[in-house]
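As a plain string of letters, each chain reads:
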Amino acid sequence: MAGFCLDQLVRRNLRGVWVRGDLPAGPAVWAANHHSWWDFFVAQAALRAAGRSDVGVLMDPANIGSRRVFGWAGAVGSDRLRAALDVPRSGGVLVVFPEGELRACGPLGPLHPGAAWFARRTDAPLLAVATRVVLRGQQAPEAYLDLTPVASAARLAPVLAERLAGLDGEMSGADPAHPIPGFRQVVRGVRSWSERISR
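Residues numbered from 1 in each chain as written. Predicted model: local features only at pLDDT ≥ 70, side-chain atom pairs only at ≥ 80, totals over all residues. Heavy atoms only, no water.

On to the overall build of the protein. In terms of regular secondary structure, the protein is built from eight helices and eight strands. Over its C-alpha trace the protein gives a radius of gyration of 16 Å, about what one expects of a compact globule, namely 16 Å for 199 residues. When the backbone C-alpha atoms are referred to their principal axes, the protein occupies close to 55 × 35 × 30 Å. Looking at the protein residue by residue over its 199 residues, the buried ones come to 48%. Look at the contacts in the protein between residues 6 or more apart in sequence, and 73% of them connect residues 24 or more apart. (Helix = DSSP H or I, 4+ residues; strand = E, 2+ residues; numbered from the N terminus. Rg over C-alpha atoms; globule rule 2.2 N^0.38 Å. Buried < 20%, exposed > 50% of the residue type's maximum accessible area, 1.4 Å probe, protein only. Contact = heavy atoms within 4.5 Å.)

Of all five residues making up strand β3 (residues 55-59), four are buried, and the element is well covered by its neighbours. As paired strands, β3 and strand β5 (residues 93-96) are joined by three bridges and run parallel to one another. The residue of β5 that forms the bridge with V55 is V93. Here three bridges tie β3 to strand β4 (residues 75-77), and the two strands are oriented parallel to one another. Residue pairing across strands places L58 opposite V76, the latter belonging to β4. (Pairing = 2+ DSSP bridges.)

So, on to the environment of V42. Of note, V42 is situated in helix α2 (residues 39-49). With a relative accessible area of 0%, V42 lands in the buried category. Between the C-alpha atoms of V42 and W18, which are 24 residues apart in sequence, the distance is 9.4 Å. Aside from chain neighbours lying at most four places away, what touches V42 is V10, L14, V17, T131, V133, A143 and L145.

Before going further, it helps to spend a moment on the packing of aromatic side chains. Per the stated rule, a full pass over the model turns up seven aromatic pairs. Measuring from ring centre to ring centre gives 5.0 Å for W37 and W38, while their planes differ by 90°; the resulting arrangement is edge-to-face. Overall, the relative accessible area of 54% leaves W37 in the exposed class. The buried category is assigned to W38, whose relative accessible area is 15%. Ring geometry for W38 against F41: centres 6.2 Å apart, planes inclined by 75°, an arrangement best described as edge-to-face. For the pair W38 and F41, one class covers both residues: buried. (Phe/Tyr/Trp six-rings, centres within 6.5 Å; stacked < 30°, edge-to-face > 60°.)

Note on placement: D146 falls in strand β7 (residues 142-150). Overall, the relative accessible area of 1% leaves D146 in the buried class. Engagement of the side chain of D146 in a polar contact is seen with the side chain of R20, the distance being 2.6 Å. A distance of 3.0 Å separates the side chain of D146 from the side chain of R163, its partner in a polar contact. (Polar contact = N/O pair within 3.5 Å; in protein donor to acceptor, adjacent residues only side chain to side chain.)

Here the phi dihedral of D123 falls at roughly 60°; this positive angle occurs in a residue that is not glycine. One can find D123 in the loop between α6 (114-122) and β6 (126-134). The class for D123 is exposed, based on a relative accessible area of 71%.

All right, on to the sheet that holds β5 then. Within the open sheet, the eight strands sit side by side as β4-β3-β5-β2-β6-β7-β1-β8. Their pairing is mixed. Every interior strand has two partners, whereas the edge strands, β4 and β8 (184-188), have only one. Geometrically, the sheet is characterised by an average inter-axis angle of 30° between neighbouring strands, direction not taken into account. Its contacts with the sheet place helix α7 (residues 156-173) against β1 (16-20), β2 (28-32), β6 and β7, and it is angled at close to 30° to β6. (Axes fitted to C-alpha atoms, helices over the stretch in contact; angles between N-to-C directions.)

One can describe the packing of helix α5 (residues 81-89) onto α6 by two numbers: an axis separation of 10 Å at closest approach and a directional angle of 60°. As far as their axial angle goes, α6 and α5 are oblique. Crossing handedness for the pair α5 and α6: right-handed. Facing α5, whose interface residues are L81, A84, L85, P88 and R89, α6 presents W117, F118, R121 and T122. (Parallel < 35°, antiparallel > 145°, perpendicular 65-115°, else oblique. Left-handed = near helix turned anticlockwise from the far one by under 90°.)

Set out below in structure tokens:
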């Protein structure tokens, strides 16, 4: 039920979620920049669209508090490392934001070693996921996820920084009325008022 509600949150408030790269079919550590309130929700929506319900997110325990809905949605406090390790060990996807905090939109900030540590401890593939949720030429914001496998922990920061900068460059040169070329839509959201009227 919590997953369904989160799906509806994305579908009713965003124009959609677009992905470039392969969504993981097995266990993985999803390491993404954290520049938007929507970052975990769009990651989970994309994975659920691929048939995945085994998604967890590492979260500051202070942000979880006593709100059980976060636990239902897959949040695991960073003070519960064994529970977080169990997500990829049991075949799921653990979403980690290695910048460690919500940051202003811009270049990638310094990364903490947590995502690489989880991948190393569980032998799960490490994915660098450049994430942008932006308002462009339509009424609702659009989410873009650029997934790149990372061969070693040392490559996470440079790969994620490069992919994020590349995504920003593509976005600045793309027609704002249309999705960015090279991405496929995995979650449909709301249409703009002008689109609904013209239909």
